[in-house]
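# Coordinates in review
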Amino acid sequence: MNERFLSKKIKDIPPSGIRKFFDIVTEMEDAISLGVGEPDFDTPWHIREEGIYSLEKGKTVYTSNAGLMELREEICYYLHRRFNLTYDPKTEMLITVGGSEGIDLALRAMLNPGDEVLIPEPCFVSYKPCAVMAGGEPVVIPLKAQNEFRLTKEDLEAYITPKTKLLVLPFPNNPTGAIMTQKDLEAIVELIIQHDLFVISDEIYAELTYGDEKHVSIASLPGMKERTLVLNGFSKAYAMTGWRMGYAAGPAPLIKVMTKIHQYAIMCAPTTSQYAAIEAARNGDEDIQRMKTAYDQRRRVMVKGFRDMGLDCFEPLGAFYVFPSIEKTGFSSEEFATQLLYQEKVAVVPGTAFGESGEGFIRCSYAYSVDAIKVALERIEHFVKRYI
Amino acid sequence: MEKMREIILEILEKNSKIDPSDLAVMLGLTEVEVVNEIQKMEKEQIICGYHTLINWDKTTKESVTALIEVKVTPQRGEGFDRIAERIYRFHEVKAVYLMSGGFDLTVIIEGSTMKEVALFVAQKLSTLDSVLSTATHFVLKKYKDHGLIFEDRKKDERMVVSP
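Conventions we followed
Residues numbered from 1 in each chain as written. Chains lettered and ligands numbered in written order. Predicted model: local features only at pLDDT ≥ 70, side-chain atom pairs only at ≥ 80, totals over all residues. Helix = DSSP H or I, 4+ residues; strand = E, 2+ residues; numbered from the N terminus. Rg over C-alpha atoms; globule rule 2.2 N^0.38 Å. Contact = placed C-beta atoms within 7 Å. Buried ≥ 20, exposed ≤ 12 C-beta atoms within 10 Å, placed from the backbone. Domains from an automatic or database assignment. Pairing = 2+ DSSP bridges. Axes fitted to C-alpha atoms, helices over the stretch in contact; angles between N-to-C directions. Nonpolar A, V, L, I, M, F, W, Y, C, P; charged D, E, K, R; others polar. Right-handed = clockwise from strand over helix to strand, strands pointing away. pLDDT = per-residue confidence, 0-100. Core = buried A, V, L, I, M, F, W, Y, C linked by C-beta atoms within 7 Å.

Summing up its helical and strand segments, chain B has five helices and six strands in all. Ordered by position in the sequence, the α and β elements of chain B form the string α-α-α-β-α-β-β-α-β-β-β. Computed over the C-alpha atoms, the radius of gyration of chain B is 21 Å, more than 25% above the 15 Å expected from 2.2 N^0.38 for a compact globule of 163 residues. Look at the contacts in chain B between residues 6 or more apart in sequence, and 52% of them connect residues 24 or more apart.

Okay, structure coming up:
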C-alpha cells in the first residue's frame, strides 16, 4: 500500500515507548517481568458468573448508547458510597469501552484547534497523543521527585497561559504511584477556578490507595463538580481489564457531547461486560478490599527491597507501582531497563516511557505474588550492586 | 492489633511456611512483633497446628475418604459432646462436626481401602450405644480443599509489558 493513503497527523505521532520495550522483552525467553500494568487476580467469580448468566439468557443485543440504565444507576450509588460524588444516572453518566475511551472522548468533546491541555508527567501514555488527535495542544508539566510527583500550585501556575483550557489530573498515578491528598487538591483548586480551567480527573486507580489517606476526588471539592469530568472504570479495582468497562461522570452538556461521539464511533460498550459490571458495582466492595490488602503487602516488600539495595524510592501511596530512582547506577532509564533485561532477565519499564520527566526512574509493578517479587528483587539487587 | 492478628492468620492459613521476616515487611511490623504475636496465638490455641495440603490422588498411596452422616441420641446433661468424644477419639476419624438439619454428626474417616472404612463403620461406629443410624458416602474426587483448587496452576497470560 502506498504510504500516501495514511494520515499525516497520525504518522507524526511517535509510537508508545512501552511498545518499543515490549518488542525486546517478548523476544527474551524466560524473562521475569515487573512490567505489567494490570492486576494478577482473576475477575472474582460472582462477577464472571453474571456475565455468563447474561449470555445464557440471550442478552446479546446492543444496549442504549450511554449504557444500561441499571448499570449507570449502580455506578452512581457506588460513587456516592465510596467517594461522596453525586451524579444523575440519566444525564451525567456514560459507560465507555475502558477508561481509555473516556480519555479520547473527553478530549475530542472539548478541544478546539489551538486549545492547550495541561498534562502532568510522568503519566499514562495516551493523554498526549489523544490530545493531538483531537486537534489540541498538549502542554507537559514535568512533576518533580522532591514533591513525590504530586502536582503543586507552583508547577501548575507556571504552565497556565491564556490558551489553557483543560487540565488532566491522573491520580493515583501510573507510573509513579503518587497520590493527591485532599490538602494537595485544595492547594490547586483556587488556581483552577481563577483561570477558568476544566479538569479531566482520571481516577482509574481510585480504589487503590494505601495508608491513612483514602482517595479524594477533586470533583467532591466545593466549586469543582461543574468543572470536572471524572473518568473511572472496572479494570483495576475489580481486576476486569479484559472486559473493557469504563465510565465518565460529569456535567450533563459534556456527557451529552461525549455520548454523541461514542454513539457514532462505538455504538455502546459490550453488553456482556455491562451485566458483569452491574454485579461488580453492586456486590464487589469486599473484593476490592481483599485485593487491596494483598497489594499493600506486596508494596511494602518492594519498597523495602529497593531501599535495601541502596536506591532512593519514595513511598508510593497509590496504584500498584513503585518508581525508584536508578540515577546512582549512572544509567539512563532506558539503558538500565535494557541492561537489566539482558543481564538478569528482569523486565521493568523505563520511566521515560511515561514522559521525559521519568528519566532516572523505572516503573516496577507489584501486581505479582510476593514470591515472584522476591525473586525479581534479588536479581535486580545483583545487577545494581555491580554499578553502585 | 486485633485486626493485625486477623491478617496474620489469613496469610498463615494460606501459607504457613512463610518466613516471619517476610511477613513483618508485608505488614509493616518488626520481625519480633510478628514472632511474638504468632507465639501468643499458638499459646491461646488460636493457632492449633500447621498442616500441609496434599493431593493424595497424585501419589501411589491408596487412600479413601468417607463422609458419614450419623444420627445419635443426645445424653442428658452432656448433650452431643460425650458421644462426639467417643467418636473423635478413634484415630481413623479425621473430623467430626455437630450439624443442624436432618442428622446430627458429620464424621470424616480416612482409610486405605473402602472395605477398611466400611468395617470401621460397621464394627466401631454403628455399634456405639447412642448411635441410631449411619449413612456412608465415599469421596470419589477432591476438586477443591481448604479454599484451594487442586488443578488450578495456570500460567500468567498477561502481556509481559503493558502501560
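Assigned secondary structure in chain A consists of 13 helices and 12 strands. Relative to a compact globule of 388 residues, whose C-alpha radius of gyration would be 21 Å, chain A shows 21 Å and is just as compact. Overall, the C-alpha framework of chain A stretches about 60 × 55 × 55 Å when taken along its three principal axes. Taking all 388 residues of chain A together, 49% fall into the buried category. For chain A, contacts bridging at least 24 residues in sequence account for 75% of all contacts bridging at least 6.

According to the domain assignment, chain B consists of domain 1 (2-43) and domain 2 (56-141). For domain 1 of chain B versus domain 2 of chain B, the distance between C-alpha centres works out to 35 Å.

Residue and element names in this part refer to chain A. Across the sheet, which stays open at both edges, the seven strands sit in the order S2-S8-S7-S6-S5-S3-S4 with mixed pairing between neighbours. Each edge of the sheet is formed by a strand with only one pairing partner; in this case those strands are strand S2 (93-97) and strand S4 (137-142). Each strand axis lies, on average, 25° off the axis of its neighbour in the sheet, ignoring direction. Pairing analysis gives three bridges linking strand S3 (residues 116-121) to strand S5 (residues 164-169), with the strands arranged parallel. Bridging across to S5, glutamate 116 finds its partner in threonine 164. The sheet strands contacting helix H4 (residues 69-83) are S2 and strand S8 (245-249), and the helix crosses S2 at an angle near 105°.

A word on the domain arrangement of chain A. Residue and element names in this part refer to chain A. Structurally, chain A comprises domain 1 (3-43 + 287-383) and domain 2 (45-284). Here the C-alpha centre of domain 2 lies 24 Å away from the C-alpha centre of domain 1. Every contact between the two is made by 35 residues of domain 1 and, on the other side, 37 residues of domain 2. Secondary structure elements with two or more residues in the side of domain 1 that touches domain 2: helix H11 (285-308) and strand S9 (321-322). Broken down by element, the residue count for the side of domain 1 that touches domain 2 peaks at seven residues, all from H11. Taken together, the residues that form the side of domain 1 that touches domain 2 break down as 18 nonpolar, nine polar and eight charged.

Next up on the list: the pairing of S5 of chain A. Residue and element names in this part refer to chain A. Across four bridges, S5 lies against strand S6 (residues 198-202) in parallel orientation. Counterpart to leucine 169 in the pairing with S6 is serine 201. Taken together, S5, helix H8 (residues 182-194) and S6 constitute a β-α-β crossover, and its handedness is right-handed.

Turning to unusual backbone geometry, a few remarks are in order. Residue and element names in this part refer to chain A. Residue proline 172 is bonded to the preceding phenylalanine 171 through a cis peptide linkage, with omega at -10°. With respect to the secondary-structure elements, proline 172 resides in the loop between S5 and H8. Here the amide bond leading from asparagine 174 into proline 175 is cis, since omega sits at 20°, within 30 degrees of zero. Relative to the helices and strands, proline 175 resides in the loop between S5 and H8. The backbone of aspartate 196 sits at a positive phi, close to 55°, despite the residue not being glycine. By the element assignment, aspartate 196 lies in the loop between H8 and S6. Its 9 C-beta neighbours within 10 Å are what place aspartate 196 among the exposed residues. Unlike most non-glycine residues, lysine 345 shows phi in positive territory, near 55°.

On to the environment of histidine 382 of chain A. All names here are of chain A. Here histidine 382 shows up in helix H13 (residues 370-385). The class for histidine 382 is partly exposed, based on 14 C-beta atoms found within 10 Å. With 324 residues separating them along the chain, histidine 382 and glycine 58 place their C-alpha atoms 55 Å apart.

Quick look at the interface of chain B and chain A now. Frequently, the measure chosen for interface size is the accessible area that the parts lose on association. Each partner contributes residues to the interface: chain B has 11 residues there, and chain A has 22 residues. Residues belonging to the side of chain B that touches chain A are distributed by class as follows: seven nonpolar, two polar and two charged.

Attention shifts here to the sheet that holds S9 of chain A. Residue and element names in this part refer to chain A. Strand order in the open sheet formed by three strands is S9-S12-S11, with antiparallel pairing between adjacent strands. The two strands at the open ends of the sheet, each matched to only one other strand, are S9 and strand S11 (349-350). Bridge count between S11 and strand S12 (residues 362-365): two bridges; the pairing is antiparallel. Bridging across to S12, proline 350 finds its partner in isoleucine 362.

Here we come to the pairing of strand S2 (residues 93-98) of chain B. Regular strands have side chains that alternate between both faces of the sheet. All names here are of chain B. Judged from the five bridges that link them, S2 and strand S3 (residues 105-111) form a sheet pairing that is antiparallel. Paired with valine 96 across the bridge in S3 is valine 107. Counted between consecutive antiparallel strands, the loop separating S2 from S3 contains six residues, among which glycine 101 sits at a positive phi close to 100°.

Note that predicted coordinates carrying low pLDDT should not be read in detail. Within chain B, residue pLDDT values average 93, and 100% of them lie at 70 or more. Predicted as a complex, the structure gets a pTM of 0.93 and an ipTM equal to 0.85.

Among soluble globular proteins, nonpolar side chains are generally buried collectively. Grouped together as the largest cluster of nonpolar side chains are 124 residues, with contacts concentrated most on Met93, Ala106, Val168, Ala248 and Val348 of chain A. Contact partners of methionine 93 of chain A, with chain neighbours within four places excluded, come to Ala66, Arg72, Ile75, Cys76, Tyr87, Tyr247, Ala249 and Ile255 of chain A.

The next point concerns the environment of glutamate 78 of chain B. Residue and element names in this part refer to chain B. The residue glutamate 78 is located in the loop between strand S1 (64-72) and helix H4 (81-88) in this model. On the basis of neighbour counts, which here come to 11 C-beta atoms within 10 Å, the residue glutamate 78 falls in the exposed class. For the pair glutamate 78 and leucine 12, spaced 66 residues apart in sequence, the C-alpha separation works out to 35 Å.

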